[in-house]
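# Overview (structure and organization)
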Amino acid sequence: MVSDSKNISWRNKKSPLDLLFLAVVAIIIYLPFLGQPAWDGNEPKRAIVAREMLKTGNYFAPVIHGQPYYVKPPLMNWFIAAGGGLFGEVNEWTARLSSVLLTFATSILLYFLTGRWLDRESRFFAALAFLTMIGIMGKGRTAEIDSLFICLVTLNLLVWLHGYTRPWKDSLLWTVSLALLAVSFLSKGPQAIAIFYSTVFAYLLVKKRLNVFFSLSHLSGIIVLAVLLGLYMLTVLRHVRFDEYLFMWRDQILQRSVSKHSFSFIEHFVLYPLRIIPQFMPWVLFAAPLFFLKDLRKKMPALFKNELFVFSLVMLAANIPLYWLLPNTRVRYVLPVGPFIAIATAFLFNLYLKQTANNLQFFRRAMKYIAMATLLVAFMAVPTVLLLHMQFTPALIVLLAGLAILSSAVILTIYSSDLQHALLYLAFMTGLIFLVYTELDIRHDMEKVHYPRKVSREIMAVLPGDADPVYEIGFDRFLRVTSYLDREVIQLDRFSQLKKADNGRNVYFIFDADFLNNITPEQDRKIMLQDIAWEKVYSGRFEPGRNEIVVGYLK
């Protein structure tokens, strides 16, 4: 049975060993190959902004290739710039290290801030499960906002729950929580406010305590939030008008909700659950025994007496349907529920620890089947490598051998192991499978003709030494390539602006074929095709498909 919060202390002599083990897991899973994949997704934006901050010393005016960038707040850029400043350069490794540290910090928050409701074993389960979720491992190794956002959302909600259940005075509860919410806003913007209020309002509704929500103390907290966000907005409004700032956010929201075809919503509604469940594997499997073991289901009502368990379920119920019903939302948007899935499954883990020998045999059999499937993955990786004409690197050989040895050990010893050891086996097998996939994915990408680093090297080979700056036509079209150029890059919105850039020296510029084919107004297309004398010096692919990147210079 889950202990009552009053009887659990988060102080425990074994805590240092738990934290050391979590750190070892994070190092083993998150650091290998961290700097090898080329920039992907929004990583180039974060890196370019951070480099510009270090170059100019201006940390409140984000810039991408000479153009202001306020679509996202600057907090993650500050973290990346700090890493770049510490190690002397913003590159793939230093930029992604911030996400690794933030992901580890979230696991530590889960370990300590759940101590009033969970015993030590369950808190360790929650922290370890979060660290080794498929989706979390994926985003925790990228120079994107998600790891920071997840960390701050987790901190914000757990601090609010602490304050509510302690209880703090309402004024202190809302002031502290909404001050943290202002910090969360600086990571990803309005999404932080949406997640916080959807969770807190739904929880108070379930607890029939909406009077706490509709209180003067809450209003005082909102004033604190408004003041802190107002200070941030003052820095923004020095560089962009307020209506332009609102239009940026409006365009972001509309861009995500526009359907690409008439069946877009139906496709999203049907497939979205199938896309998000793997993000939280393998730990969501801990809910499966409830469907097979009747005596476990009988003990479930006791869990609903625990405030944290109820709060976690409310958090999931209040947020997952929102993204499920909103057309074209990306899978990563739902990752902030990951810590609370880890918490909910930790309660189930606590319940399973105290079950009969018959139920323990169920878990052992399940673990054996998982280990057999993992062993099969290790063996199937060999023909996959041969089929893709890739080399067996020393790292890949070590990973596959480790995966095979660990899986075999589980198969041979699982019937003499307890559930806690099975937990550790599962975590390491998941991490090793992820690293095998990462290594194969890296090698496969490096062989592609449109590999960003390869394309950037080809472009650098045709640029003369005095080609500085280089002009990039169109925003956010091939940042994965231009972020690698060892020259100053200035972004232009239209070809007509090249005339102003002509200062008597060679003016080199880069554009892509799709942009040329779809530019408006038509007059700008005419300028490029007829009115400007230019010559193409390079062309090549920079992404899958037919799109082509072109380098030219003004004659």
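The structure displayed is predicted, hence computed values, not measured ones.

## Some points on the packing of helix α8 (residues 170-188) against helix α11 (residues 216-237)
Packing of α8 against α11 brings their axes to within 8 Å, and their N-to-C directions diverge by 25°. Relative to α11, the element α8 lies roughly parallel. For the pair α8 and α11, the sense of crossing is right-handed. Residues Asp 170, Ser 171, Trp 174, Thr 175, Leu 178, Ala 179, Leu 181, Ala 182, Phe 185 and Leu 186 of α8 lie in contact with α11, whose contacting residues are Ser 217, His 218, Ser 220, Gly 221, Ile 222, Val 224, Leu 225, Leu 228, Leu 229 and Tyr 232.

## Describing the nonpolar core
By size, the foremost hydrophobic cluster in this structure holds 139 residues, and its most contacted members are Leu 157, Trp 160, Trp 174, Phe 196, Trp 283 and Tyr 352. Per-element accounting of this core gives the leading share, 12 residues, to helix α20 (residues 419-446). Ala 467, Val 489, Phe 542 and Val 551 belong to the second largest nonpolar core, which has 16 residues in total.

## Description of the side chain of Ser 99
Within the element layout of this structure, Ser 99 appears in helix α4 (residues 92-113). A distance of 2.5 Å separates a polar atom in the side chain of Ser 99 from the backbone oxygen of Thr 142. Not counting residues within four places of it along the chain, the set of residues in contact with Ser 99 comprises Met 76, Lys 139, Gly 140, Thr 142, Ala 143, Glu 144 and Ser 147.

## Focus on empty space enclosed by the protein
In this approach a probe as big as a water molecule rolls over the atoms, and the regions it shows empty are the leftover space. Tallied over the entire structure, the rule returns three cavities of 30 Å³ or more. Roughly 70 Å³ of volume is contained in the largest cavity. Forming the boundary of the largest cavity are 10 residues, of which Asp 468, Pro 469, Arg 505, Asn 506 and Val 507 lie nearest the centre. Of the residues assigned to the lining of the largest cavity, the class counts are five nonpolar, two polar and three charged.

## Remarks on the pattern of salt bridges
Tallying each qualifying case throughout the model produces 13 salt bridges. The salt bridge partner of Asp 18 is Arg 120, with a shortest N-O separation of 2.7 Å. Of this pair, Asp 18 sits in helix α1 (residues 15-30) while Arg 120 sits in helix α5 (residues 120-131), and the two are 102 residues apart along the sequence. For the pair Asp 18 and Arg 120, a shared accessibility class is recorded, and that class is buried. Salt-bridge contacts for Lys 188 lead to Asp 146; the nearest nitrogen and oxygen are separated by 3.5 Å. With Lys 188 in helix α8 and Asp 146 in helix α7 (residues 146-165), this pair connects stretches of sequence that are 42 residues apart. The exposure classification of Lys 188 matches that of Asp 146, with both residues buried. Here the residues in one salt-bridge network are Asp 18, Arg 120 and Glu 121, joined through shared partners.

## Examining the environment of Phe 309
Relative to the helices and strands, Phe 309 resides in helix α16 (residues 307-325). Here Phe 309 is in contact with Met 300, Leu 303, Phe 304, Ala 344 and Phe 347, once residues within four sequence places are set aside.

## A short note on the confidence of the model for the chain
Of all residues in the chain, 91% have pLDDT values of 70 or greater, and the mean over the chain is 87. pLDDT under 50 marks residues 1-11. Its contacts with residues more than four places away, or in other chains, come to 26 contacts.

## Remarks on the packing of helix α19 (residues 394-413) against α20
With their axes 10 Å apart at the nearest point, α19 and α20 run at an angle of 155° to one another. Here α19 is positioned roughly antiparallel relative to α20, judged by the angle of their axes. Judged by the sense of rotation from one axis to the other, the crossing of α19 with α20 is left-handed. Residue-level contacts link Ala 395, Leu 396, Leu 399, Leu 400, Gly 402, Leu 403, Leu 406, Ser 407, Val 410 and Thr 413 of α19 to Tyr 425, Phe 428, Met 429, Leu 432, Ile 433, Leu 435, Val 436, Glu 439 and Leu 440 of α20. The residue makeup of the contact of α19 with α20, split by class, is 15 nonpolar, three polar and one charged.

Rules and cut-offs
Residues numbered from 1 in each chain as written. Predicted model: local features only at pLDDT ≥ 70, side-chain atom pairs only at ≥ 80, totals over all residues. Heavy atoms only, no water. Axes fitted to C-alpha atoms, helices over the stretch in contact; angles between N-to-C directions. Helix = DSSP H or I, 4+ residues; strand = E, 2+ residues; numbered from the N terminus. Parallel < 35°, antiparallel > 145°, perpendicular 65-115°, else oblique. Left-handed = near helix turned anticlockwise from the far one by under 90°. Contact = heavy atoms within 4.5 Å. Core = buried A, V, L, I, M, F, W, Y, C linked by side-chain atoms within 4.5 Å. Buried < 20%, exposed > 50% of the residue type's maximum accessible area, 1.4 Å probe, protein only. Polar contact = N/O pair within 3.5 Å; in protein donor to acceptor, adjacent residues only side chain to side chain. 1 Å grid on protein atoms, 1.4 Å probe; cavity = no way out; pocket = protein on both sides within 12 Å on 5 of 7 lines; lining within 4 Å. Points joined across faces, edges and corners; volume = space filled by probe spheres on them. Nonpolar A, V, L, I, M, F, W, Y, C, P; charged D, E, K, R; others polar. Salt bridge = Lys/Arg side-chain N within 4 Å of Asp/Glu carboxyl O. pLDDT = per-residue confidence, 0-100.

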